[in-house]
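Summary of the model geometry
Now for the letters of each chain:
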Amino acid sequence: MKKYTIAILPGDGIGPEVTREAVKVLKLIEARNDVEFELQEAPFGASAYFEQGHPFPESTKAICAAADAVLKGPVGLSYEATEKIPVDLRPERAAILPLRKFLNTYANLRPVYLPKGLAHFSPLKPEIIGDGIDIMMIRELVGGLYFGEKEVGVNARGLRYVKETLEYDEEQIARIVHVAFKQCMARKKVLHNIHKNNVLKSSVLWNEIVEEVAKQYPEVEVRHQLVDAAATLLCLNPRQFDVMVMENMFGDILSDQGGGILGSLGLMPSACLGETSAYYEPSHGSAPDIGGKNIANPYSMIGSVAMMLELSFDMREESRNIWNAMQSVFTQGYSTLDLSKPGSGVKMIATDAFGDRVVEELKKSR
Ligand code: IPM
Ligand code: MG
């Protein structure tokens, strides 16, 4: 029997309740496969700061380091609550970014997956959605502006100034570009390389490396696309995209636009992969305003489990079964208050009921 340790970081806001539903799915997968999951829960985020004085405690680090994979919920509290945390200990800066660096998860895979059954959530017109959208956005996750040197001060003219640096070396670029080409080989063999080489030197080097790495994947067609134009084309004609690769900041912005295409960031799970570590998280925030109300959809948390099964444990069929189970719950008309308005013909259910229905659907797949 295969045995895997999974660190579970429920996080803040809606994190704990959507994590609970994801764990239900993991339990069913465990029960019906020759696999054992040892789940180790650990504090992370603003709640960890208030309990233990740090949003990414040493004990949590140790659990993550020893785990085969990490399942992380969203973190962050309301504006007022956040104000009580010193700036340098707020969860984005002191937990999420350090987690990414600590595990060296440089490749962030964010699927913008809108099958026909979810098309009604999208603000895009039916003729633009066609028979569905399926884009894999690949974002570099441990370099660029996010991690470059920063300087804040007062300049010679007595003016306050700030300087943030965008730095990549060729190795950092090549490794994420390889991840993208490998995805392309398993998909439609078209890579959109997102850049801004008309302004940024970093994009000039980035594109050079893309061209060099491309030689190892002669079957893949590379299309270079300026990032600003890509934002427009994602609205006008998203179906032209299959795999998109980009640096950290571009990826942060365009992947949220991906959430817009889907109709909600709540429909966006993600995988963060390194050479030896992986963590999985929803792309959305912790929605503290609805935390604890049992109305948040657990889709992106359960979808993150599906990605974990595929990418960390090579359980492809079960991964597919989870995606399908979630689609069928939606196509049966069920939804949650965070995604749908009541009265629009939807059968409104709570977070836990949604999770239960996914589990029931999943049972039918064996
Ligand atoms: C994301 C988030 C994070 C990021 C924040 C919370 C630090 O927006 O995962 O996209 O900017 O990377
Ligand atoms: Mg973001």
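Residues numbered from 1 in each chain as written. Chains lettered and ligands numbered in written order. Predicted model: local features only at pLDDT ≥ 70, side-chain atom pairs only at ≥ 80, totals over all residues. Heavy atoms only, no water.

A short note on the domain arrangement of the protein chain
Taken domain by domain, the protein chain holds domain 1 (1–105 + 274–366) and domain 2 (116–262). The gap between the C-alpha centroids of domain 1 and domain 2 is 24 Å. With 14 residues of domain 1 at the interface, the matching set in domain 2 holds 10 residues. Carbon and sulfur atoms make up 66% of the surface buried where domain 1 meets domain 2, a total of about 1,100 Å² over both sides. The three residues of domain 1 that bury the most area against domain 2 are L97, R100 and K101, which together make up 39% of that side's buried surface. For the pair domain 1 and domain 2, the number of links is 0 salt bridges. Remark: the boundary between domain 1 and domain 2 carries 1 residue pair in polar contact (both at pLDDT 80 or more). Classifying every residue of the side of domain 1 that touches domain 2 by side-chain character gives 6 nonpolar, 6 polar and 2 charged. (Domains from an automatic or database assignment. Contact = heavy atoms within 4.5 Å. Buried area = accessible area lost by both parts, 1.4 Å probe. Salt bridge = Lys/Arg side-chain N within 4 Å of Asp/Glu carboxyl O. Polar contact = N/O pair within 3.5 Å; in protein donor to acceptor, adjacent residues only side chain to side chain. Nonpolar A, V, L, I, M, F, W, Y, C, P; charged D, E, K, R; others polar.)

Notes on the site of ligand 1
Neighbouring ligand 1 are the residues E92, I96, R100, R110, R139, Y146 and D252. Contact between ligand 1 and Y146: an oxygen atom at 2.5 Å from a side-chain N or O atom of the residue. Between an oxygen atom of ligand 1 and a side-chain N or O atom of D252, the distance comes to 2.9 Å. Taking 320 Å² as the accessible area of ligand 1 by itself, protein coverage stands at 75%. (Near = heavy atom within 4 Å. Areas by Shrake-Rupley, 256 points an atom, 1.4 Å probe, with all protein chains shown as cover.)

Details of helix α13 (residues 351–363)
Between its terminal C-alpha atoms α13 stretches 19 Å, which fits the 18 Å expected from 13 residues at 1.5 Å a residue. The complete set of buried residues in α13 reads T351, F354, G355, V358, V359, E361 and L362. For α13, the arc enclosing every buried residue in end-on projection is 165 degrees, short of the 170-degree limit, so these residues lie on one face. Here the buried face of α13 lies against α1 (15–31), α11 (299–311), α12 (316–331) and β13 (334–335). (Helix = DSSP H or I, 4+ residues; strand = E, 2+ residues; numbered from the N terminus. Expected span 1.5 Å × (residues − 1). Buried < 20%, exposed > 50% of the residue type's maximum accessible area, 1.4 Å probe, protein only. Arc of directions from axis to C-beta.)

A word on the packing of aromatic side chains
Under the definition given, this model contains 13 aromatic pairs. Centre to centre, the rings of F44 and F56 are 5.2 Å apart; their planes meet at 80 degrees, and the pair counts as edge-to-face. Of this pair, F44 sits in the loop between β2 (35–41) and α2 (46–52) while F56 sits in the loop between α2 and α3 (58–66); the two residues are 12 residues apart in sequence, bridging distant segments of the chain. Relative to F50, the ring of Y49 has its centre 5.2 Å away and its plane inclined at 75 degrees; by these criteria the two rings are edge-to-face. With relative accessibility at 17%, the residue Y49 sits in the buried group. The lysine or arginine in question, K61, covers the ring of F56, its NZ or CZ lying 5.4 Å from the ring centre. Its guanidinium or amino end placed over the ring of Y334, K347 lies 4.7 Å from that ring's centre, counting from NZ or CZ. (Phe/Tyr/Trp six-rings, centres within 6.5 Å; stacked < 30°, edge-to-face > 60°. Lys NZ or Arg CZ within 6 Å of the ring centre and 35° of its normal.)

Points about a negative patch on the surface
On the surface, E149, E151, E167, D169, E170, E171, E208, E211 and E212 cluster together into a negatively charged patch. For the negative patch, the elements supplying multiple residues, two or more each, are α7 (170–186) and α8 (201–214). Looking at the element boundaries, E170 is found in helix α7. With relative accessibility at 54%, the residue E170 sits in the exposed group. (Patch = residues over 30% accessible without salt bridge, like charges linked within 9 Å, V, L, I, M, F, W, Y side chains within 5 Å. Lys, Arg positive; Asp, Glu negative; His and termini not counted. Charge placed at Lys NZ, Arg CZ, Asp CG, Glu CD.)

Quick look at the packing of α12 against α13
Running from N to C, α12 and α13 point in directions that differ by 120 degrees, and their axes come no closer than 8 Å. The pairing of α12 with α13 is recorded here as oblique in orientation. Crossing of α12 against α13: the hand is right-handed. Taking contact as the criterion, the partners of N321, I322, A325, M326, S328, V329 and F330 in α12 are, on α13, F354, R357, V358, E361 and L362. When the residues that make up the contact of α12 with α13 are grouped by side-chain class, the tally is 8 nonpolar, 2 polar and 2 charged. (Axes fitted to C-alpha atoms, helices over the stretch in contact; angles between N-to-C directions. Parallel < 35°, antiparallel > 145°, perpendicular 65-115°, else oblique. Left-handed = near helix turned anticlockwise from the far one by under 90°.)

A short note on the sheet that holds strand β3 (residues 69–72)
Sheet architecture is open: 10 strands sit in the order β2-β1-β3-β12-β11-β4-β5-β10-β8-β9, paired in mixed fashion. The open sheet has two free edges, formed respectively by β2 and β9 (221–226), since each of these has just one partner strand. In this sheet, neighbouring strand axes are inclined to one another by 25 degrees on average, regardless of whether the strands run parallel or antiparallel. Judged from the 7 bridges that link them, strand β1 (residues 2–9) and β2 form a sheet pairing that is parallel. (Pairing = 2+ DSSP bridges.)

Re the pairing of β1
Counting buried positions over the 8 residues of β1 gives 6, a clear majority of the element. In the classification by handedness, the crossover that spans β1, the intervening α1 and the parallel β2 is right-handed. Judged from the 4 bridges that link them, β1 and β3 form a sheet pairing that is parallel. From the neighbouring strand, A7 faces β3, where its bridge partner is V70. (Right-handed = clockwise from strand over helix to strand, strands pointing away.)

A look at the environment of G292
Note that G292 resides in the loop between β12 (278–282) and α11. Overall, G292 belongs to the exposed group, its relative accessible area being 63%. Residues within four places of G292 in sequence aside, it is in contact with G13 and E17.

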